[in-house]
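The primary structure of each chain is shown beneath.
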Amino acid sequence: MDHATTDQKIAQTEYDIMPQIAERWSPRTFSDRVIDQETVHRLFEAARWAASSRNYQPWRFIYGLKGTEAYDRILNSLVPFNRQWAESAPLLVMTIVKEQMDNGKDNYHALHDLGLAMGNFSVQAQDLGLALHHMAGFDWKGAHEAFDIPEGYHAVTVVAVGHYGGDPETLPEDLQKGETTPRQRKPIDEIVGEGTFPQ
Ligand SMILES: Cc1cc2nc3c(=O)[nH]c(=O)nc-3n(C[C@H](O)[C@H](O)[C@H](O)COP(=O)(O)O)c2cc1C
């Protein structure tokens, strides 16, 4: 499976990790290949088997495939910066959390659990040769109205999904460089401490 089409994007790791993690990256252009319903269901199947606090499964999703009204509504919720490139994605997913637990108290771990579900979605996508690009830049209030999202739920991100292999030259010039720039991360010591807060 052709996981990462751009060698510069493969993580330069200090330790050996799974290729599905090392080769994942977030493109802003996707190939012309469509995504079928079976594949959409496989992605959400992976997402729903994530762990969650008390098994509340606070994640909810709305998706649209290119060419549908749902897709256009999700696309239109994006800020202009994201809209300009995300429309090459064949699939757009809006992620949503249920904010309270069954007892009515705030579920402090809801966002954590949505993140776990999207982690599963991401690894499954990578295994299928699909790339994601998560976006915080969208009008969540407008999305709540456009999709009648009930009280007690909060739209968190929109995610562009498509096959790797888009042509960077189709992007505005200022975005082209990002398609080949090596990915950077903080060193392990800065984020992990053995028995102490990382120094
Ligand atoms: C929650 C979240 C929100 C993001 N929002 C945006 C966004 O609005 N627009 C954008 O172009 N990229 C967005 N990104 C992509 C990140 O900038 C990207 O994942 C990060 O730079 C690391 O690059 P990599 O995914 O290729 O490793 C977002 C990522 C996450 C996880």
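Preceding block: the structure.
Here goes a summary of the coordinates provided. (Residues numbered from 1 in each chain as written. Predicted model: local features only at pLDDT ≥ 70, side-chain atom pairs only at ≥ 80, totals over all residues. Heavy atoms only, no water.)

## Things to note about the pairing of strand E4 (residues 153-163)
For the record, the criterion: Burial classification: accessible surface area is computed with a 1.4 Å probe over protein chains only, and a residue below 20% of its type maximum counts as buried, one above 50% as exposed, and the rest as partly exposed. Secondary structure elements are taken from DSSP: a helix is a run of H or I of four residues or more, a strand is a run of E of two residues or more, and numbering for both begins at the N terminus. A pair of strands is considered paired only if DSSP assigns at least 2 bridges between the two.
Burial within E4 is extensive, with nine of its 11 residues counted as buried. Strand direction decides the pairing type here: strand E2 (residues 91-98) and E4, joined by eight bridges, are antiparallel. In the sheet register, Leu 92 faces E4, and the bridge partner there is Ala 160. Pairing between strand E3 (residues 130-135) and E4: six bridges, direction antiparallel. Opposite Leu 130, over in E4, you have His 163 as the bridge partner.

## Description of helix H5 (residues 110-127)
Selection rule: Here the expected length of a helix is defined as 1.5 Å per residue gap, with one fewer gap than residues. Any two residues whose heavy atoms approach within 4.5 Å at even a single point are treated as in contact.
Its 18 residues place the ends of H5 26 Å apart at the C-alpha level, agreeing with the 26 Å of an ideal helix rising 1.5 Å per residue. Within H5, the full set of buried residues consists of Ala 110, Asp 113, Leu 114, Ala 117, Met 118, Phe 121, Ser 122, Ala 125 and Gln 126. Taken together, the buried residues of H5 touch helix H1 (19-22), helix H2 (37-48), strand E1 (59-65), E2, E3 and E4. Of the residues trailing H5, Gly 129 is marked for its positive phi of about 80 degrees.

## Here's the deal with unusual backbone geometry
The phi torsion at Gln 57 lies on the positive side, around 50 degrees, for a residue other than glycine. On the secondary structure map, Gln 57 appears in the loop between H2 and E1. Judged by relative accessible area, which is 32%, Gln 57 ranks as partly exposed. Non-glycine residue Asp 148 carries a positive phi angle of around 55 degrees. When you line up the elements, Asp 148 lands in the loop between helix H6 (140-146) and E4.

## Some remarks on the site of the ligand
For clarity, the threshold we go by: Near, as used in this document, describes a residue that has one of its heavy atoms within 4 Å of the molecule or strand being considered. Under the rule applied, a polar contact is a pair of N or O atoms within 3.5 Å (in protein, one hydrogen donor and one hydrogen acceptor; residues adjacent in sequence only if both atoms are side-chain atoms). The residue classification treats Ala, Val, Leu, Ile, Met, Phe, Trp, Tyr, Cys and Pro as nonpolar and Asp, Glu, Lys and Arg as charged. All others, Gly included, are polar.
Among the 14 residues in the neighbourhood of the ligand, the closest are listed as Ser 26, Arg 28, His 133, Arg 183 and Arg 185. The separation between a nitrogen atom of the ligand and a polar main-chain atom of His 134 is 3.0 Å. Elements represented by at least two residues in the shell around the ligand include exactly helix H4 (80-86) and E3. Of the residues contributing to the shell around the ligand, the split by class is five nonpolar, five polar and four charged.

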